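Residue-level listing of the chains:
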Number of protein chains: 2
Amino acid sequence: MAYRQTNKVKEKLERKKGDIIRAAREVFAENSYQETSIKSIAQKAKIATGTFYLYFSNKEALINMIVDEMFQELLKCIKSEREKVTDSFEKLQASMEACIRLFIKEKSMAKILLIQVPGVNNAFNAKLTEIENELIKLTKEDLDELKEEGRFPGEDSLVSAMAFVGSFRQVITSWLREGQPEDLEKAFDTLMKYNLRGLGKL
Amino acid sequence: MAYRQTNKVKEKLERKKGDIIRAAREVFAENSYQETSIKSIAQKAKIATGTFYLYFSNKEALINMIVDEMFQELLKCIKSEREKVTDSFEKLQASMEACIRLFIKEKSMAKILLIQVPGVNNAFNAKLTEIENELIKLTKEDLDELKEEGRFPGEDSLVSAMAFVGSFRQVITSWLREGQPEDLEKAFDTLMKYNLRGLGKL
DNA sequence: TAAATAAGTGAACCTATGTTCATTTTATTA
DNA sequence: TAATAAAATGAACATAGGTTCACTTATTTA
C-alpha cells in the first residue's frame, strides 16, 4: 500500500544530482551566469527544466553550491599539499603548486572561479573574495613565519602576500582565457622564482 | 518657419550627454551591469527613461562607450607619464604609478574596469582583456628592452610582465573592494620594490 | 495487480526591465 | 505670435527566462 523511498532510488537521486551539478559546471564554465539558462543546464543533464527544481530550490542555490564545493575542494587540495612539507618557503610553493595542478586538472573549476563567478552579482562576489582572501591569508601566515625566522626581510607582509597571489592569478587567468602561456607548469617555475626573488628570499 | 538646431542647443545636448555618462559611471561603479537599470541612471541624471534613448541606442552602447572612454583615458595617462622618462625601469615605474594615481583620483573608473566590467558578459570581457593585454604588452616591451641592455636576466618576459601587472591588479582590487591596504600610495612603494626584486634588477 | 506515493515532465505563468511611442514641452524662425 | 520641428516625457509594450503546477510515468507495497 504505502510507498517509501528505497536505497536504490536514493542512490539514483544522488547520482542525478551529481549529473546536474556536473552539467552545470560545464555550462557555467563557458557562459556567464546570466547567459546560462536553466533550460540549457537541464538539456545537458538530460532532464526536463521542471526536474531541476526537484534538486535545487533555484538557480542561485545551484551556483552557490557549486562554488562552495569548489572552494572546499581547492582548500582541501592546498592544505593536504602543505602538510607534506614543513619549511615555510616550501609551504608557499606547495600552496600555489597544488592550486595550479588542480586548475590544470579541472579547468572548468578554474574558469568558473576566476572568470565567470565575478560576473554573478555584487553580493555573490563576496564569496569569491572570501576564497581569495583565504589564500592570501595562508600566504601571509607563511611570510610572517619567515619574517620571524629572519628569512624574509619583507616590509609589508599583507601587500607581499597579495602580490604573490595576484601574480599567479593573472597568469592563470590569461592561460584560461587566451591559452597563453601555453605551458602553465613551466610558467609556474618562472613565477615561483619571480616571487621568491620579490620576497627577497635570503 | 523652419527649425534648425542652434549652437546653444548643441552644447546643451553635449552637456546632457556628459551628465548621463557621469551619472551612469556612478551607478555602474556601485552595482553590477545587470543590477543597474536604465531607470536608475535616468533618475541620477535627472531625465526621463525615454530621454536616455535619445542619447544612446541602448544600454550596451552606453557601457561600451564608458569603457572605451576609460580605456583611452587610462592609456593616455600612462603614455604621457612614460614620455617623461627614458630609462626602461623608470618607464615601468611610471606606467604603474600613472595607473594608480588615476585610480585613486577616479575611483569609479577603477571600480568599473576592475570589478564591474568582468560581469557584463563574456563577449564584453574581451574588451577588458584587451585593456589588460595592452598594459602587459607595454610592460613586456620594457622588459625586452632591459634584457637587451643586459639589465634584466629574466627568463620569460611575458610571464614576468603578467606577474608584474597581476601583482598590482590584486592589490588595487583589494583596495577597492575592502579598503585594504588603506594607503595605496604606500603599498605602491612596497609593490614596486617587490617587482623590481622579482625581475632580478641588476 | 491495484492502490499509493514519489519522481519527472514541459507548457504556461510571472515578473522584471529594456525599449518604444503617442503626447507634451521647448526652441526656432518668419 | 503662429507655424514648425526638435527634445523630453513616462506610461505602455515586448520578451526573455526563472519558476510553478497540473499531469504523466515510475516505483513500492500489500
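Residues numbered from 1 in each chain as written. Chains lettered and ligands numbered in written order. Predicted model: local features only at pLDDT ≥ 70, side-chain atom pairs only at ≥ 80, totals over all residues. Heavy atoms only, no water.

A look at the protein's contact with DNA strand C
Heads up, the rule is: By convention in these notes, a residue is near a molecule or strand provided one of its non-hydrogen atoms lies within 4 Å of it. N or O atoms within 3.5 Å of each other form a polar contact, as long as, within protein, one can give a hydrogen and the other can take it, and as long as residues adjacent in sequence are counted only when both atoms are side-chain atoms. Secondary structure follows DSSP: runs of H or I at least 4 residues long count as helices, runs of E at least 2 residues long count as strands, and numbering of each begins at the N terminus. In this classification, Asp, Glu, Lys and Arg are treated as charged, Ala, Val, Leu, Ile, Met, Phe, Trp, Tyr, Cys and Pro as nonpolar, and every other residue, Gly included, as polar.
Every one of the 26 residues lining DNA strand C counts as a neighbour, but Q5, K16 and T51 of chain A together with T6 and Y53 of chain B are closest to it. Of what DNA strand C places within 4 Å of the protein, 74% of the atoms are sugar or phosphate. One nitrogen or oxygen atom from the main chain of I38 of chain B is found 2.9 Å from a phosphate oxygen belonging to DNA strand C. Elements supplying a minimum of two residues to the surface near DNA strand C: helix 1 (7-30) and helix 3 (49-55) of chain A together with helix 1 (7-30) and helix 3 (49-55) of chain B. Considering every element that reaches the surface near DNA strand C, the biggest residue donor is helix 3 of chain A, with five residues. Split into classes, the residues belonging to the surface near DNA strand C amount to 13 nonpolar, nine polar and four charged.

Examining the interface of chain B and chain A
Our working rule: Contact definition: two residues touch when any of their heavy atoms are within 4.5 Å. We define buried area as the total accessible area lost by two parts upon association, computed with a 1.4 Å probe and summed across both. We define a salt bridge as a side-chain nitrogen of Lys or Arg found within 4 Å of a carboxyl oxygen belonging to Asp or Glu.
The interface of chain B with chain A comprises 45 residues on the first partner and 45 residues on the second. At the boundary of chain B with chain A, total buried surface from both sides reaches about 3600 Å², with 52% on carbon and sulfur atoms. Counting across the interface, chain B meets chain A through zero salt bridges. Taken together, the links from chain B to chain A amount to 10 residue pairs in polar contact (both at pLDDT 80 or more). Listed by contribution, the elements that provide at least two residues to the side of chain B that touches chain A are helix 6 (107-116), helix 7 (122-148), helix 8 (157-178) and helix 9 (184-199) of chain B. A total of 15 residues in the side of chain B that touches chain A trace back to one element, the largest contributor, which is helix 8 of chain B. Here the side of chain B that touches chain A is built from residues that sort into 15 nonpolar, 20 polar and 10 charged.

Quick word on the relation of the copies chain B and chain A
Superposition of the two copies of the chain requires a rotation about an axis together with a shift along that axis. Here is the rule: Superposition of the copies used a least-squares fit over C-alpha atoms from residues whose pLDDT is at least 70 in both.
Of the two same-sequence chains, chain B is brought onto chain A (RMSD 0.1 Å, axial shift 0.0 Å) by a rotation of 180°. Taken together, the turn and the small shift mark the pair as related by a two-fold rotation axis. Of the C-alpha atoms belonging to chain B, the one lying closest to the rotation axis is found on G119 of chain B, 1.6 Å away.

Some words on the side chain of S157 of chain B
All names here are of chain B. Cut-off, in case you're wondering: Relative accessibility under 20% of the residue-type maximum defines a buried residue, over 50% an exposed one, and the middle range a partly exposed one, all with a 1.4 Å probe and only protein chains included.
Mapped onto the elements, S157 comes out in helix 8. Here S157 falls in the buried class, since its relative accessible area comes to 7%. Looking at S157, its side chain comes within polar contact range of the side chain of D144, at 2.8 Å. Ignoring sequence-local partners within four residues, the contact set of S157 consists of K140, L143, D144 and F152.

Some details on the domain arrangement of chain A
All names here are of chain A. Defined as follows: Where each domain starts and ends comes from a domain assignment, either automatic or drawn from a database.
What the domain assignment lists for chain A is domain 1 (1-56) and domain 2 (59-199). Summarising the inter-unit geometry, the C-alpha centres of domain 1 and domain 2 are found 30 Å apart. In this complex, domain 1 contributes 16 residues to the contact, which on the side of domain 2 involves 17 residues. For the domain 1 and domain 2 pair, buried surface summed over both sides reaches about 1600 Å², with 64% attributable to carbon and sulfur atoms. Of all residues in domain 1, R25, F28 and Y33 bury the most surface against domain 2, accounting for 47% of the area lost on that side. Taken together, domain 1 and domain 2 are joined by two salt bridges. Ionic pairing is found between E106 and R25, a salt bridge with its closest N-O pair at 3.6 Å. At the junction of domain 1 and domain 2, the tally comes to five residue pairs in polar contact (both at pLDDT 80 or more). Of all elements in the fold, only helix 1 and helix 2 (38-45) reach the threshold of two or more residues within the side of domain 1 that touches domain 2.

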